[in-house]
Each structure stands twice: as C-alpha cells, then as structure tokens.
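# Residue-level structural notes
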Amino acid sequence: MRAAKHVAGLLGLMFTSEQALAAYQMNLPPGVTTFSQGAYDIHTMVMWICVVIGAVVFGAMIYSIINHRKSKGAVSAEFHDNTAIEIIWTVIPFLILIAMAIPATKVLLAMEDTSNSDMSIKVTGYQWKWHYDYLGEDISFFSNISTPDAANLSTNASVKKDDTYLLDVDNRLVIPEDTKVRLLFTSNDVIHAWWVQAFGVKKDAIPGFINESWVNVPDPGVYRGKCAELCGKNHGFMPIVVEVKTKEDYAAWVSGQKTAAAEAAASAEKTWTKADLMSHGQKVYTTACAACHQANGEGLPNVFPGLKGSAIATGDIAKHLSVVIHGVTGTAMAAYGPQMNDADLAAVITYERNAWGNDTGDVVQPSDIKAAR
Amino acid sequence: MSAVIEEHHDHHDHKPSGIGRWLFSTNHKDIGTMYLWFSFIMFFVGGAMALVIRAELFQPGLQLVEPEFFNQMTTLHGLIMVFGVIMPGFVGLANWMVPMMIGAPDMALPRMNNWSFWLLPGAFGMLIASLIMSLMGMGSAPNFGWTFYAPLSTTYGPASTDYFIFSVHLMGISSIMGAINIIATIMNMRAPGMTYMKMPIFVWTWFITAYLLIAVMPVLAGVVTMMLMDRNFGTSFFNAAGGGDPVMFQHVFWFFGHPEVYIMILPAFGVVSQIVPTFARKKIFGYSSMVYATASIAFLSFIVWAHHMFTTGMPVAGELFFMYATMLIAIPTGVKVFNWVSTMWRGSMTFETPMLFAIGFIFLFTIGGFTGLMMCIAPADFQYHDTYFIVAHFHYVLATGAAFSIMAAVYFWIPKWTGNMYDEKLGKLHFWLTAIGGNILFFPMHFVGLAGMPRRIPDYSLQFAEFNAMATVGAFIFGFSQLIFLYNVIKTIRGGEKATDQVWEGADGLEWTLPSPAPFHSFTTPPTVK
Amino acid sequence: MDTAVTCSVPQLYNATDGEVRAEEENKVTSHPNNIEGVNKNSTTRVITRLMFVVVGMFGFGFALVPLYDVFCDITGINGKTGDKVTLAENMQVDTSRVIEVEFIASLNGSMPWEFKPMQHSIKVHPGEPTRISYVAVNRTDKVIVGQAVPSVAPGRAAEYFQKTECFCFTEQKLEPGEEKEMPVIFVVDPQLPDDVSQLALSYTFFIKPSGASNSTASLANNSNQEI
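These numbers were taken from a predicted model, which means no experiment stands behind them.

Below, the discussion takes up the nonpolar core. The biggest cluster of nonpolar side chains holds 329 residues, and the ones touching the most others in it are A:Y134, A:W194, A:F199, B:F83 and B:W413. Counting residues in each nonpolar core, the second largest holds 25 residues, with A:L321, A:Y336, A:A355 and A:W356 among its members.

Dropping the structure here:
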C-alpha cells in the first residue's frame, strides 16, 4: 500500500508543475516568464507525441515478441517488402514533424520581442563568479557563491547542506518586477553560460563578445540559477540568484547601493587595525582565493602555487602587491585590482602575509593599495 | 608466376607465432581481434572513470575527489569511450566481418591495416600517461570536456593539452586509414555476383560510415591543429584578443562532431540489421530503404551541427534552419526502426543473447531518439542544453545503443571466430543485468536534467540527491556486470560446445559458409554469389 | 620467429585448417592484388581519390576560418561589426526613428587598465553620424599594449552599425599613468530592421598577445588594420 502511494506520488509529481525545488522532481517546471512557459508548452507537446509513438512502436514489438516466437509454434512469413506501407510510414512522421515545427517556430519567434527595455544590466562571467553592472546606474558588484568552502574536498564537509546548498550568493542580482530588463552577457576569461531555469533564459557568456537576452518577471520572488557551460575547476560552484522586488523596494535598494558604495570608498581612506584586516582578509580570501590556493594556503602542486611559506607571501611586499593587483599574465592568476576595492585588497594581502605561520607581521593599508595600482 | 606461388607456399608453411604475429600482423582476423581486445580493455578503463564520477555524485557534497580531478575524469571518460571503445570496437567488427561477408580474402591494404591499429595504443598511452602524471601531482590531465571548447582548452588549458592534441591526431590518422581501407575493400574486392545491392546491411553501413570518416576526421585534425597553433605559435583562431572567435571553434568542432556521432551509430544499425533477421528467421524488411535511409542519415548529418550551439547567440534564422534540418533526421531513422519491427513481425523468433541485445538496442536507442527529437526543438533546448537531460540522451543512444550492438555482435559472431559457443546462461545474465542496471543508471538522468541539474559538475544541490543516488547504484550494477561478459568471452575462446559452420538456424550470408572457426586465410578463392 | 606459442595466448583459430585448404588453392595466392578480377590499378585509383578527399577536407577545415568571417561579414551575424568603413556621401537622416545605443566597456582576463565609456548611452537618428568616446587609463607602472575587440548586440543589427572611426583591432599603447580618450564615430544605417530600436556596442580590451605582429596575429582577422 505504501509502495502504491509512493508510485502515485511520483506520477503526480511528474505531472504537476509547482514543486520547483522538490525532491524527485521529474518534469520541467513552467517557470515565471513567457520564455519559460513557451519552452514548457512545446516540451510537453513533443514529449507526449513521443510517448504515443513509443507506445505504438513498442506495443507492436512486445506483441510480436510474445506471439511470433518459435516456441509458440510461429512459422516465419515470407514478406520482406511493401512499398505502400513504407511510403505511409515515411509520410506520416513527416506530417507529425510539421505539426511540431509550427508551434516550435511560433514560440521561438515570440522570444524575439524587441520592444524597448527599461533597463540594461551587463552580466560578466568570471572564473568562478558573476559580475553585474547596472548600465547607467554606477552600480556594479561581484556575486560569489556564499559557501566557497564547498568547492574544496578538504573543507566541503564543514558546509551546511540545506535547501539553498550551492544555490546562494553573497550579492544577489536585484531587478524590479514587471519591467523589461535587458541582459547583456560577456565573459572575462572562458565561455560561461548564465542560466535561470525559472526565466527560461540560458545564454553563453563569451569573452570578447556580447550576447543579449531579456527578462520580464511579473511577480516578486527569489529565483536561482547555475552556470551552464564547463568553465574550469569551479564550474559547479558559481550559482546565480535573482531577487525580483516590487518597484518601490527596488528603488529603495538602488539608493541603498549608492550609499553603501560611498561608505566603501570612505573606508578606503581610514587606517585599519591589524586584527580588522586579518578578519576581513580571511573572508575575502575564502571567497576569492581559496578556490585555487586552498583554505590551508597550500595550493595544488604544479597547478596552483601554495602561499604558505611562499617567497611572494613572505618576501618583498611590492612584489606581492603587484601579483595580486595586476595578476600574472599567461597563468590562471587573474588581476584582482579591477575586481576589488582597496580595502578588500589590503585585507587579503595582510591576511596572506600573516596566516598559516607566514607571520611576517606586515600590515597593508588601503592607501598602500591605492598607491600601488 | 610460379616463383610467386612458391614464395607464397613458403609463407603458408610459416605459421605466424609469438609476439611478431601480433605486432606485424597483416591478417584482418588478427587485426580485428586486436581492435576488439583494445576496445574491451578501454571499456573497463573508461568505465572505471565513470564509476569514480558516479561515486562522487552518489551524494551531495564532495567526498572523494577535488573538482579539478573530477573534470579530468569526465573529460577522459568521454574521450576514451568515444575514441577508444566505440570506434575501435566497430572497426574491429569491420575488420573481422567485412572481408568474409563480401567473399574477400582480406582487406585491400593489409599492412596499412596493421598500422591503423598500432597507432591506437600509442595515442591512448599518451592520454593515460597524462592521467598518471596528474595522479602523481605533476599537473592536470585534459580537463575541458571531451568537446574541448576554446578558450578553456587553448588559453586556459593545462600543459597536457598539447599531448592531447597529438593523441587526437594519431587517432584521426588511424581512423582515416581504416576508412580508406574499408572503402577500397568494399569497392574492389567483392566476390563475383555480389552487386552493391546484394551486400549485407552491415557492409553497407560500414561503407557509408567510412565515407563519413574520411570526410570529417580531417576537419577534427584541422581544429586541433588550430588549437595547437593558438597555444604555441601565437595565432588567434579562437582568441578574441587577436581577432579570432571562440564560437568559430564550436562551429568547426561540431562540423566534425555531429557526423562523428553518426559514425558511432551507423555500424550499430548494421549489426542489428544482421542479427534480427537471423533470429526472426525472416529476411530484413525493406532492404533497399534500409540502404537509402542510412545514406540519407549520413548526408543529413552534415547540415545539423549547430543544434549543439543554440545558446551561443545564433540569429533566429539559424536556429530555425538547424531545428528543421535536425527534425528531418527522425524520418530515415524512424524508417529503420519500423523496418526492424517489421522484420520481427510474423517471424519465428528465438531469443538467444545476440537477439536480446539487438531488441534491447531497438527499445533503448529509440528512447534516446525521442529525447533527441525533444532537444532539437530550439526553444525547449534552452532549458535542456548542458543539463543531465542531454547526458541521458547521449548515453541512451551510445551506451544502451552503440555499446549494446557491439556486445550483440560479439555474442553473434564469436562462435565463428573461435569455433566455440559462448555460455548462453551467462550471456543472458549479462544481458539482463546490463539492461536493468543501465536503465537504473541513465533513466533518472532525464529527471534531474529537467529539474535543473547542469552537467559536468562534481556536486549538486539537495533536490537532485535521490535520483543521483539511484543512478550511482545503477552504475555499479551496470559496470560490474561487464565482468560477466569478460569471463564469458575468455571462457569461449578457451573452449566450449563446438559451433557448426552456420551456427544459427536463421543465419544467412557468405560468412556462414566458412567453417567455425574461420580459417586464418579464408576465401582465397572467391566464391560466386548468385 | 618460430618460438612455440604457449597456452597463455589463446588460439582464436585453427591455423592448420588454413594449411589444409592451401593445397587446393595452389593456383591462386592469397594476396588481394592477385585475386582474379581484382585489378591492382583500381585499388590504387580508389585510394588516390580518397587521399585527395582527406587532404581536401583538412584544407576545408582551415578554409572554414575565412569562410566563417566572410559569412559573418555579409550577414552581420555574431555581432561582428568589422572594421572601419567609408560611408556613402549622402546618407539620409531618418528623423522619424530614434535608436538608443548603449556603450559597454569590458576588460579581459588580467588586463589591468581602467576602461569606460564617457557616456552610458545616446539616442540617435539612423543616418546621423555621431561621435562618442571611451577612456582608458593605465594605472600600473609598466607599458602595456592593448587591443580592443568590438561586438554589437543584437547580432543581426551588427551589419547596420557602421563605424567611420574607431579603435577596433588597432594597438593602443599606454605608458604608465597615461590616460587616453578613444573616439568612435558611427552611423546607424537607416536600413536597420524596423523592429530594432536598442543597440549595444561593446569593446573588450585585451592585453595584446605578445610575440605576434598584427599581420600574423590571426588568420581569422578582419580586413584593414592600421599598425
């Protein structure tokens, strides 16, 4: 009886569309935009056509397997040709394909709506995070996975596995409801792909090129997505979270962002204590550096150099600053100068110079970073 | 003339033996055997990598491997299965069977045949060496997926990438030479009376596959050469900085890549077309349409490549064209499935192991075909692309499709190769465990793909856990069942119930007129075909 | 080698069978080229032709590179706007349409410059030449040479976005601390499809790949580069 309930439950899940993040989900969800709903509709239609064709073909096979067997005394017939039937079963599938192609074409063309958007956001894929730039607003920020420890074998166990595991970020992409938002995609390094299933939007982010799509989400909510193109080590650890706010809340968020930006600029002017730098630096390190250099600073031999006891982290400060700010061309070490503000850079370099027994006692202030850029 | 005969007489007295027999073989049977053993060994190597992948994916969280190593596993698993298992497996079957099926004494170019084979252990030795070096901490093996998109594989690829490129070149040369050999053999060495339209379907499918190979393997060679040049000689084919285009990589790669997947399936169609009539005791239904359908599939395979690229930002006209063209392939493929079913219909079937695998192929390949049809609908593909839905699709057509057909072929023909019948009970056990395990492994992938799980990730969110656990259980059943197959093959080589010449009651064709085991040199006098 | 084969190598066939049959087949050798009816020449002919196909397809793979660019240039697909053009003298300004053009600046990889457009967007009429600028600053202590790659979205609008002056694909050298204004003069072709009214022009600055001069930097490079 319990088994029957289970089966019924599974079948029910297969046909319902609501449970977005439910376990045992078997079907595509319809999502919240016209893209996702169009995709869902055509998916459903084609799937059912395939089920019906499959039932006919497999039905014939099963019938034949049961009845046309030698052990049942069946004697093989002589026919091995029938032009009429072959023509029929070429033409009928062709007609079925046309019946599929017409609605598919309609759905695709509907996605090409080119009415003007109210706002544009540039989405840049990085290894391994997203960057959002609200064009014309001077709001831009990185969006990192909120649990960077998940990406390493040695630290993954310490990460809590809850409903938003691998689906949460530190800074969400915030957009207003009921607004056509133009999204422009590019990449800083390799090809990534920005995918939010609830929106039905998946677009490759290609270095040097701009791709475009748009969303218009009718209702507020939180929608989660993932990178959908293999982009290196942490391809599975660069999620996307879009928070759709009411128009009023969005306006409040925008002004909040501008205030925060002003505060961050101010914090770059002041002098930090070593303790503050170390604690902030550890946070920055975990988010941005541990992916490759590991939480224990040991790196991956011959792939990513270790920082624990390394010449750069314990030697000349200017060299250390240069490596972090300007990167190392020809390697995977990106330039973090353009990606982080002075305070974050000062903190993370201070941390690297004093953690894991490096203990140089060096303290780097945001003003040092500004001078070194 | 007599001098030549005497020389050859001497040759006959010289039984090939020892390691030289294999290193220097010019015999299509021995070379076929080597290809098949190579494929079988690679199957276990690639399969072990799959088990590492599935073991890591058994539960959410990282338990076994670093993400960097996981990417190496998925990459090498794909490369080995595509280039080291399926392709050499079918070449091995071609080598063994095509000459016998057309009444020829050997392949047209026996020495080149030998070189075609021996390139492969070299090529794969390099790939596996890069993995061993990675395990020893000396830098990553290829980690960019078997599709090695630029710039991940060019600007950002590890040092082993250049060896990967060399490896691909060697595999490509091997395939091209093999294909030339097959075409020359089929065109020139058919027994008198064997017109093209009397050839067995397996020969036809390999004939067409060989043309696909010589058309597209050179394009693969071109794209990896461009990669090599971008990486080492300062060019910018795929580097936007220098005016190149990463998307162009995808175009050139998939121009090869799509025909490649048909290269991997057409011989499978041929195998099934030999087996089903034999065990249904009825001629294949619609012989000529089978031939034309195969040729249409081959032709259409050249014009559909960008259905792998719907999310790259293609204009609508391009998406529509590739969608329509891909949908068209369903028609000749459907015709073939209908013809197989019609062969079964009102036949007098028995269900020995080869027939079980062949029927399994028809069921499961067709499921893969249905998901393929769903994927070619561009707006729906935006939700499927790069998810486990795609992974499910291609494993259905390649694992429970092409690999099933190779297993079917081995059971079908091993009595001819060895003179011994395989153990039927073990064969059936192998079939059922593989079929059930395979479905437990791959069917849930449809669900997690539709639910939103991307591919090529070592860890996933909690809502995908249940089906992933199921898939892992299926993987271990599927994987370990292959040991039964290995045992059965070795057992059969060493002995067993003696096989007759015809072996199977419904068997028909020149190969079944030879003794079992087939002599080292067969059809030295060509038979006449009526 | 006549070393005896031990039982560890499985016998796949019975070699002696072949020998028995050899007696009957004395007349004909087993070499394929000597089989009745098989003309050695026809085999050679087939192989020669197939080798041409192989070489041809390898060449085709490389030919796809310029072909791809030609196709993109003609159709404007993939946002490739190509390099500068000289405009026809009398382009009618279409005052009935307003096109909004947004400007995007990106830096690739470890390119350490600051780079931004001087204005985020502008509204223009098709046919009306317009001048805007980007600004790049090199705040490092090294000389850095950059190269900018343009891209236009939506892709199908790219062929209608014509630049008469730009810094695409030209090397830009910035001394330490140098700031440079980089102008772009463009015209939106009035033939732009009616349903497009928003365009985005993007430039991505890369550190110039070292070790290659402009002319060999890419076999896939567009026309007309100024050094």
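We now examine empty space enclosed by the protein. Residues and elements named next belong to chain B. All told, the structure shown has 5 cavities of 30 Å³ or more when counted by the stated rule. In this structure, the largest cavity occupies an estimated 310 Å³ of space. In this structure, the largest cavity is lined by 19 residues; those nearest its centre are L36, W37, F40, V410 and F485. Elements that contribute at least two residues to the lining of the largest cavity include exactly α3 (28-56), α4 (67-102), α14 (388-418) and α16 (465-494). Sorting elements by how many residues they give to the lining of the largest cavity places α14 first, with 7 residues. If you trace the second largest cavity, you find 19 residues lining it, with M87, P88, V91, S175 and L213 closest to the centre. Of all the secondary structure elements, the ones that give two or more residues to the lining of the second largest cavity are α4, α6 (161-188) and α7 (201-232). Partitioning the lining of the second largest cavity into residue classes produces 16 nonpolar, 3 polar and no charged.

In this model, B:A150 is joined to B:P151 through a cis peptide bond whose omega is -5°. Tracing the sequence through the fold places B:P151 in the loop between α5 (110-135) and α6. For the peptide bond that leads from C:A153 to C:P154, omega is -5°, which places it in the cis range. Checked against the element boundaries, C:P154 lands in the loop between β5 (144-153) and β6 (161-165). Even without being a glycine, A:D178 presents a positive backbone phi close to 55°. With phi around 30°, B:F148 is a residue other than glycine that occupies positive phi space. Residue B:F148 is classed as buried on the basis of its relative accessible area of 1%.

Okay, the sheet that holds strand β3 (residues 139-143) of chain A next. All names here are of chain A. Pairing is mixed across the open sheet formed by 5 strands, whose spatial order is β3-β2-β1-β5-β8. Whereas interior strands pair on both sides, the edge strands pair on one side only; in this sheet they are β3 and β8 (211-215). Going from strand to strand, the sheet's axes swing by 20° on average, the running direction of each strand aside. Packed onto the sheet, helix α4 (residues 247-267) meets β1 (119-126), β2 (129-134) and β3 and runs at close to 90° relative to β3.

Here the focus is the domain arrangement of chain A. In terms of domains, chain A is made up of domain 1 (31-111), domain 2 (119-152 + 159-266) and domain 3 (268-372). One C-alpha centre belongs to domain 1 of chain A, the other to domain 3 of chain A, and the line joining them spans 60 Å.

Cut-offs applied
- Residues numbered from 1 in each chain as written.
- Chains lettered and ligands numbered in written order.
- Predicted model: local features only at pLDDT ≥ 70, side-chain atom pairs only at ≥ 80, totals over all residues.
- Heavy atoms only, no water.
- Core = buried A, V, L, I, M, F, W, Y, C linked by side-chain atoms within 4.5 Å.
- Buried < 20%, exposed > 50% of the residue type's maximum accessible area, 1.4 Å probe, protein only.
- 1 Å grid on protein atoms, 1.4 Å probe; cavity = no way out; pocket = protein on both sides within 12 Å on 5 of 7 lines; lining within 4 Å.
- Points joined across faces, edges and corners; volume = space filled by probe spheres on them.
- Helix = DSSP H or I, 4+ residues; strand = E, 2+ residues; numbered from the N terminus.
- Nonpolar A, V, L, I, M, F, W, Y, C, P; charged D, E, K, R; others polar.
- Pairing = 2+ DSSP bridges.
- Axes fitted to C-alpha atoms, helices over the stretch in contact; angles between N-to-C directions.
- Contact = heavy atoms within 4.5 Å.
- Domains from an automatic or database assignment.

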